[in-house]
Amino acid sequence: MTAHVDSPAAGEPSPGRVHLVLITGLSGAGKSSVAKCLEDLGYYCVDNLPVPLLRPFLEDPAACVENAERIAVVTDLRAPGMASELPALIDAIDRSRVEPVLLFLETSDEILVRRYSETRRRHPLAGDGPVIEGIQREREMLGSIRARADRILDTSEWTIHEIRAAIYSEFGPVGARWPLTVSVVTFGFKRGIPYGTDLLFDVRFLPNPYFVPELRPLSGLDPEIVEFLAGNPDYREVIGRLADLMSFLLPRFARENRSYLTVAIGCTGGQHRSVAVGEDLAKRLRESGWGVRVLHRDVVHGG
């Protein structure tokens, strides 16, 4: 990653100014992937505006997107006139209202040819000719824009995870970690395992309140169920062990730039045991500073 100017942290807009990231570069270098990463960081993202619309957008992005302090715009040679007009558009930006960063993405010819071969897509400038001719023509046309870039990222050898790590480091809030959100989903095995589960835990070994008539209509959200389960030493044991396991796993998932993780906890019907365990685990994760969402998929009250 190459920085061509000294500037404040890219992810920290100055007070009263919109932080605007202009994403451009070679086709196939990862512009869409970068835009998705910025979107995860809270940027309002716009892709491939034609030049007649790009001009007023750059003049006053705050008027085009209300209440947005961070905006990202992807522009490339798909927009006719972009290569010749973008430098003048950048010069015309009112720096008293907008804090722009021109981010240029590039990749080696060899990697780009391989990517186009794997996807079997045509290069936008190659026509019916070889892909390499379109790549070289695009590189030449974008030469002056590359020279003006504030940031240049060479994604030749990067995986999507490395791209996300670089963008988060460059444009994320100073000192912040990747915003991993944990979704705790409780369910009943008789209704199937939730789609998209990353980690699955079966708590059917715990005593089942269903077989206690006065507890059957309740759910794991009710204190009577929690009290019943807490009387069994296995309940506190499994909560402690799950919390310890999560304290080990979550930082490592976050290190891999995961933005979400779904933890499914199941019992027979999804009404009592899994719900109580899910609530208790979610509470412990929140106390440890993780963002947690809880869904009790199969809870039915009064039945």
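Remember, it's a predicted structure, so these values are computed and weren't measured experimentally.

**Thoughts on the overall build of the protein**
Phase 1 of the analysis: Secondary structure assignment for the protein yields eleven helices and ten strands.
Phase 2 of the analysis: In terms of overall size, the protein is more extended than a compact globule, its C-alpha atoms giving a radius of gyration of 26 Å where 303 residues would be expected to give roughly 19 Å.
Phase 3 of the analysis: The principal-axis extent of the C-alpha atoms belonging to the protein is close to 75 × 45 × 30 Å.
Phase 4 of the analysis: Residues counted as buried form 46% of the 303 residues belonging to the protein.

**Regarding the sheet that holds strand β9 (residues 260–267)**
Phase 1 of the analysis: Within the open sheet, the four strands sit side by side as β8-β9-β7-β10. Their pairing is parallel. The outermost strands of the open sheet, each flanked by one partner alone, are β8 (199–202) and β10 (291–296). Across the sheet, the mean angle from the axis of one strand to that of its neighbour is 20°, orientation sign disregarded.
Phase 2 of the analysis: Taken together, the eight bridges between strand β7 (residues 181–188) and β9 define a ladder with parallel strand orientation. Looking at β9, one finds that Val184 is bridged to Val263.
Phase 3 of the analysis: Lying over the sheet, helix α11 (residues 273–287) contacts β7, β9 and β10, oriented at roughly 170° with respect to β10.

**A look at the pattern of salt bridges**
It is possible for side chains bearing opposite charge to pair when their charged atoms get close.
Phase 1 of the analysis: Taken as a whole and judged by the stated rule, the model has 16 salt bridges.
Phase 2 of the analysis: Between Asp60 and Arg97 there is a salt bridge whose closest N-O contact spans 3.4 Å. Placement of Asp60 in the loop between α2 (51–59) and α3 (61–64) and of Arg97 in the loop between α4 (82–91) and β5 (98–106) is noted, with a sequence separation of 37 residues between them.
Phase 3 of the analysis: Across the pair Arg148 and Asp91 runs a salt bridge whose closest N-O atoms are separated by 2.4 Å. Of this pair, Arg148 sits in the loop between α7 (143–147) and β6 (151–154) while Asp91 is found in helix α4, placing the two residues 57 residues apart along the sequence.
Phase 4 of the analysis: Take Arg148: its relative accessible area is 35%, and that puts it in the partly exposed class.
Phase 5 of the analysis: The structure contains a network of salt bridges with shared partners spanning Asp60, Asp94 and Arg97.

**Considerations on the environment of Arg122**
Phase 1 of the analysis: Here Arg122 is to be found in the loop between α5 (109–119) and α6 (131–141).
Phase 2 of the analysis: Distance in space between the C-alpha atoms of Arg122 and Ala147 is 27 Å, their sequence separation being 25 residues.
Phase 3 of the analysis: Setting aside residues up to four positions removed in sequence, Arg122 forms contacts with Tyr116, Gly127 and Asp128.

**With respect to the environment of Val51**
Phase 1 of the analysis: Within the secondary structure layout, Val51 lies in helix α2.
Phase 2 of the analysis: In contact with Val51, other than residues within four places in its own chain, are Ala79, Pro80, Gly81, Met82, Glu85 and Leu89.

**Structural notes on the environment of Leu77**
Phase 1 of the analysis: Within the fold, Leu77 resides in the loop between β4 (70–74) and α4.
Phase 2 of the analysis: Given the relative accessible area of 17%, Leu77 is considered buried.
Phase 3 of the analysis: In the structure, Leu77 is positioned 153 residues away from Ala230 in sequence and 63 Å away in space, judged by C-alpha atoms.
Phase 4 of the analysis: Excluding its chain neighbours within four sequence positions, the residues that come into contact with Leu77 are Met82, Ala83, Leu125, Glu138, Met141 and Leu142.

**Quick look at the nonpolar core**
Phase 1 of the analysis: Formed by 50 residues in total, the largest nonpolar core has its most connected members in Ile23, Leu38, Met82, Leu103, Ile167 and Phe171.
Phase 2 of the analysis: Those elements that place two or more of their residues in this core are β2 (18–25), α1 (31–40), α2, β4, α4, β5, β6 and α8 (160–171).
Phase 3 of the analysis: Among the elements that make up this core, the one with the highest residue count is β5 (six residues).
Phase 4 of the analysis: The contacts of Ile167, once residues within four sequence positions are left out, are Val34, Cys37, Leu38, Leu41, Leu103, Leu153 and Gly172.

**Some thoughts on α8**
Phase 1 of the analysis: With twelve residues, α8 should cover 16 Å at 1.5 Å per step; its first-to-last C-alpha distance of 16 Å lies within 8% of that length.
Phase 2 of the analysis: All of the buried residues along α8 are Ile163, Arg164, Ala166, Ile167, Tyr168, Glu170 and Phe171.
Phase 3 of the analysis: Buried residues belonging to α8 abut β2, α1, β5 and β6.

**Comments concerning the packing of α1 against α8**
Phase 1 of the analysis: The interhelical angle for the contact between α1 and α8, taken along N-to-C directions, is 50°, at an axis separation of 9 Å. Compared by their axis directions, α1 and α8 come out oblique. Judged by the twist between their axes, the crossing of α1 over α8 is right-handed. Facing α1, whose interface residues are Ser33, Val34, Cys37, Leu38 and Asp40, α8 presents Ile160, Ile163, Arg164, Ile167 and Phe171.

Here is what the cut-offs are and how they apply
Residues numbered from 1 in each chain as written. Predicted model: local features only at pLDDT ≥ 70, side-chain atom pairs only at ≥ 80, totals over all residues. Heavy atoms only, no water. Helix = DSSP H or I, 4+ residues; strand = E, 2+ residues; numbered from the N terminus. Rg over C-alpha atoms; globule rule 2.2 N^0.38 Å. Buried < 20%, exposed > 50% of the residue type's maximum accessible area, 1.4 Å probe, protein only. Pairing = 2+ DSSP bridges. Axes fitted to C-alpha atoms, helices over the stretch in contact; angles between N-to-C directions. Contact = heavy atoms within 4.5 Å. Salt bridge = Lys/Arg side-chain N within 4 Å of Asp/Glu carboxyl O. Core = buried A, V, L, I, M, F, W, Y, C linked by side-chain atoms within 4.5 Å. Expected span 1.5 Å × (residues − 1). Parallel < 35°, antiparallel > 145°, perpendicular 65-115°, else oblique. Left-handed = near helix turned anticlockwise from the far one by under 90°.

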